[in-house]
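Listed below are the residues making up each chain.
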Amino acid sequence: MTLQQEIVGTAMQMAVVSLQPGRTVYCEAGKFLFKTSNVTMETRLSGPPGGGGGQAADAGGGGGGSGTSGMSGMLRQAMGTAIQAGQRALAGESLAFQYFTSTGGEGTVGFAGVLPGEMRALELDGSRAWFAEKDAFVAAESSVVFGIAFQGGKTGRSGGEGFILEKFTGLGTVIICGAGNFIDLNPADFGGRIEVDTGCIVAFEEGIQYGVQRVGGLNRQGLMNAVFGGEGLSLATLEGNGRVILQSLTIEGLANALRKAQGGDKQGPTGGLFSTNAG
């Protein structure tokens with residue numbers, strides 16, 4: 001059953017979720033906006049029940065030491081929770097999730113992102129995972145599994161956004177957010193491959209191959225692109241057949257605009273390679 005939700009607003013959208021009795025939705029800490037009084041809120045370090053990621057099931061049956069088996073199961077569960085929290089901390093994500101469950105009738109919960117921009121509800125049918133940039137996750141049904149995907153050292157160091165990605169699997173609705181406006185593309189409609197500013201990727205379906213390439217060669221024009229083009233040395237590449245969501249505003253671009261408006265622009269006219277922006 002699809003989660004009943006409505007995306008409202010324009011410049012900075014919000015998600016208003018209608019929860020049926022007994023149904024649970026969870027969000028990253030800091031994305032909660034409001035709730036009705038019949039919705040309970042609980043903060044936990046672990047992911048949703050049945051959500052993998054180290055949440056081991058208790059050892060069943062097996063002769064003799066039921067007490068030892070129970071302790072072993074509790075230890076594995078605690079270790080699984082610690083691993084999940086450690087992965088999220090390494091990815092720069094919140095350590096905790098907030099869980100909301102409706103009791104005594106239908107309830108309502110509101111969520112919001114942290115930047116001006118759009119939100120999108122993705123429906124997972126179990127056949128394909130979705131990957132998203134860090135901080136894109138807003139909220140999801142308890143049947144959706146939140147995980148961390150490591151893209152690989154070489155790609156990640158070059159791609160900035162892409163070293164660590166959020167991964168969503170399972171069944172149900174997951175709500176994501178980004179900066180500016182969204183555009184949906186399929187690389188298959190453009191010859192099978194598109195090249196994108198690394199900060200503009202919001203999310204893409206499993207089956208899309210993500211990579212990073214240098215902007216031009218190590219020649220005069222390549223250096224001109226890197227130094228004066230504002231893109232640095234690399235572009236992200238997305239190949240295959242599947243949905244890709246891009247955002248029109250990058251976090252670095254927003255930070256530079258705010259810094260410039262405050263009279264503290266240290267990037268200067270060249271941008272790109274000579275940018276002094278630490279982020």
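Residues numbered from 1 in each chain as written. Predicted model: local features only at pLDDT ≥ 70, side-chain atom pairs only at ≥ 80, totals over all residues. Heavy atoms only, no water.

### A word on the nonpolar core
Soluble globular proteins tend to pack their nonpolar side chains together in the buried interior.
At step 1: In this structure, Tyr 26, Phe 137, Phe 168, Val 174 and Ile 176 are the most contacted members of the largest nonpolar core, which totals 21 residues.
At step 2: Those elements that place two or more of their residues in this core are strand E6 (97-102), strand E8 (119-125), strand E9 (130-132), strand E10 (137-141), strand E11 (144-150), strand E12 (164-177) and strand E15 (201-205).
At step 3: For this core, the element with the highest residue contribution is E12, accounting for 4 residues.
At step 4: Not counting residues up to four positions away in its chain, the partners in contact with Phe 168 are Leu 124, Ala 129, Trp 130, Ala 132, Phe 137, Val 144, Val 145, Phe 146, Val 174 and Ile 176. (Core = buried A, V, L, I, M, F, W, Y, C linked by side-chain atoms within 4.5 Å. Buried < 20%, exposed > 50% of the residue type's maximum accessible area, 1.4 Å probe, protein only. Helix = DSSP H or I, 4+ residues; strand = E, 2+ residues; numbered from the N terminus. Contact = heavy atoms within 4.5 Å.)

### Quick look at the pattern of salt bridges
At step 1: A complete count under the given rule lists 8 salt bridges for this structure.
At step 2: With a closest N to O distance of 3.6 Å, Arg 193 and Glu 195 form a salt bridge.
At step 3: Looking at Arg 193, the relative accessible area reads 32%, which means it is partly exposed. (Salt bridge = Lys/Arg side-chain N within 4 Å of Asp/Glu carboxyl O.)

### Notes on the pairing of strand E7 (residues 107-112)
At step 1: In terms of burial, E7 is largely enclosed, as 6 of its 6 residues are buried.
At step 2: Of the two faces of E7, the one lined by Gly 107, Val 109 and Phe 111 and the one lined by Thr 108, Gly 110 and Ala 112 are each fully buried.
At step 3: Inspection of the sheet shows strand E2 (residues 14-19) paired to E7 by 6 bridges, in the antiparallel sense. Residue Val 17 lies in a different strand from E7, and its bridge partner there is Val 109.
At step 4: Inspection of the sheet shows strand E4 (residues 32-35) paired to E7 by 3 bridges, in the antiparallel sense. Directly across from Lys 35, in E7, lies its bridge partner Val 109. (Pairing = 2+ DSSP bridges.)

### Section: the sheet that holds strand E1 (residues 4-8)
Either a parallel or an antiparallel arrangement is found when strands of a sheet pair, and the pairing is made through backbone hydrogen bonds.
At step 1: The 4 strands are arranged E1-E2-E7-E4 in an open sheet whose pairing can be described as antiparallel. Both edges of this open sheet fall to E1 and E4, since each of them pairs with a single strand only. Sheet twist, expressed as the average angle between the axes of neighbouring strands with direction ignored, equals 20 degrees. (Axes fitted to C-alpha atoms, helices over the stretch in contact; angles between N-to-C directions.)

### Regarding the packing of aromatic side chains
At step 1: Using the criterion set out here, one finds 12 aromatic pairs in the structure.
At step 2: For the pair Phe 97 and Phe 137, a centre-to-centre distance of 6.3 Å together with 85 degrees between the ring planes defines the contact as edge-to-face. Remark: Phe 137 occurs in strand E10 and Phe 97 occurs in strand E6; sequence separation between them is 40 residues. In this pair, the class of Phe 97 matches that of Phe 137, namely buried.
At step 3: Pairing Phe 97 with Phe 146 gives two aromatic rings, centres 5.3 Å apart and planes at 75 degrees, and the pair type is edge-to-face. Taken together, the residues Phe 97 in strand E6 and Phe 146 in strand E11 connect sequence positions 49 residues apart.
At step 4: A relative accessible area of 2% means that Phe 97 is categorised as buried.
At step 5: Looking at Arg 44, its charged tip hangs above the ring of Tyr 99, at a distance of 3.7 Å from the centre. (Phe/Tyr/Trp six-rings, centres within 6.5 Å; stacked < 30°, edge-to-face > 60°. Lys NZ or Arg CZ within 6 Å of the ring centre and 35° of its normal.)

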